[in-house]
Amino acid sequence: LTLGYSMITLDCSEHIHGDGGRAEIPAETAERYLGKTFDVGEGITVSYSEKELGEILHIYGEAIDFAVKIYDRFFVRQKANADFEISIDETATPTPPAQHFFVANELTRCGVKPATVAPRFCGEFQKGIDYVGDLARFEVEFSIHAAIARHFGYKLSIHSGSDKFSVFPIIGRLTRGNFHVKTAGTNWLEAMQVVAECDPKLYREVHKFALSSFNEAKKYYHVTTDLTRIPDIDTLSDEELPGLFEQNDPRQLIHITYGLILNAKADGAPLFRSRLYKLWHDHEEVYARHLDRHISKHLELLYSKIY
């Protein structure tokens, strides 16, 4: 914040507990929610049974307290000049709209004013590939999430939003163009495709290193990558290497190993980093064309059903 960052995402994952438990409901919380119906607007209402309320408190109670504490410390007392995003998407199961409403309502009650909130939506938002799941169910649930966000006055945030082409028109239309989509990872994949095109020998080195590092990287991501579906790179011609980035499994392999690739060292010196950055500087126009094409596709689909 002191460096002037204009947006901070608070990852609440360490304070979110999995399904299967039920917390004791404080009397004041029971009074606020049990037997009540909440009107979200747009024909949507939310209510809670005692069982549902106990389960929600088990999952999100600690995370709400954490978010309130951080907001008070930095955004109230220190008057931070930045957008505050709250991420509750790192859960074992999707965030149903009723849970989303409860979290937002409690944050509002405690004076927290997030600019964006990231629930976990139904289906899977895996790194670097399109949405995996039931599109019809996604549209129904997302419409309620979008109404809840409007009710409380913040944007919905879609994490791991790169390349989710099949749901982009739905997201744009139902949020009425008021959304936050995270796409940083796709910039890395476009950069690595440039490496495959411009320096096949270097790409082959990186690819083999990524394969050897995959199990380490997978500890930090939920992906369904199947290494057996990735072609043996030694059987591919140089001209075929860029085509790997049209396939889900190679994309995820390169995506989630980015940190290990950039930080790899040999005899204390960077193994790939210096060569990669030199290549990207030398081929800046090629990389720019890749980004223009790929990010343009994101924007075109996100806005395709709005105007």
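For the structure, check the block above.
Residues numbered from 1 in each chain as written. Predicted model: local features only at pLDDT ≥ 70, side-chain atom pairs only at ≥ 80, totals over all residues. Heavy atoms only, no water.

### Describing the overall build of the chain
The condition is simple: A run of H or I in DSSP counts as a helix once it spans at least four residues, and a run of E counts as a strand once it spans at least two, with each numbered from the N terminus. Classification of residues uses two cut-offs on accessible area relative to the type maximum, computed with a 1.4 Å probe and protein chains only: under 20% is buried, over 50% is exposed, and between them is partly exposed. Two residues form a contact once any of their heavy atoms are found within 4.5 Å. Only the protein chains shown count as cover for residues, and all accessible areas are computed by the Shrake-Rupley method using a 1.4 Å probe. Here the positive residues are Lys and Arg and the negative ones are Asp and Glu; neither His nor the chain ends is included. In plain terms, the charge of a residue is placed at NZ if it is Lys, CZ if Arg, CG if Asp and CD if Glu.
Scanning the chain for helices and strands turns up 11 helices and nine strands. Projected onto its principal axes, the C-alpha positions of the chain cover 65 × 45 × 40 Å. Across the 307 residues of the chain, 46% fall into the buried class. Taking the intrachain contacts of the chain between residues at least 6 apart in sequence as the baseline, contacts between residues at least 24 apart amount to 77%. If you sum the accessible surface of the chain, you get close to 15700 Å²; carbon and sulfur atoms cover 50% of it. With 34 positive and 44 negative side-chain charges, the chain shows a separation of 3 Å between the mean positions of the two kinds.

### What to know about the sheet that holds strand E1 (residues 7-11)
Our working definition: At least two DSSP bridges between two strands are required for those strands to pair. Lines fitted to C-alpha atoms define the axes here, with helix axes fitted over just the stretch in contact, and angles between the N-to-C directions of these axes take values from 0 to 180 degrees.
Spatial ordering of the open sheet is given by E1-E4-E5-E6-E7, a layout of five strands whose pairing is parallel. Two strands lie at the open edges of the sheet, namely E1 and strand E7 (179-181), each paired on one side alone. Adjacent strand axes in the sheet meet at a mean angle of 25 degrees, parallel and antiparallel pairs treated alike. Of the strand pairs in this sheet, strand E5 (residues 116-118) and strand E6 (residues 155-158) are connected by two bridges, and their pairing is parallel. Looking at the pairing, Val117 lines up with Leu156 of E6. Each of E1 and strand E4 (83-87) touches helix H2 (residues 50-77); the most contacted strand, E4, lies at about 165 degrees to it.

### Concerning the nonpolar core
The following threshold applies: Throughout this description, the term nonpolar core refers to a set of buried Ala, Val, Leu, Ile, Met, Phe, Trp, Tyr and Cys residues connected via side-chain atoms within 4.5 Å.
Phe138 and Ile171 are the most contacted members of the largest nonpolar core, which has 58 residues in total. If you tally residues by element for this core, the top one is H2, at 13 residues. Those residues in contact with Ile171 that lie beyond four places of it in its chain are Phe138, Phe142, Ile158, Phe179 and Leu302. One finds Leu202, Leu236, Ile256 and Leu262 within the second-largest nonpolar core, a separate group that totals 31 residues.

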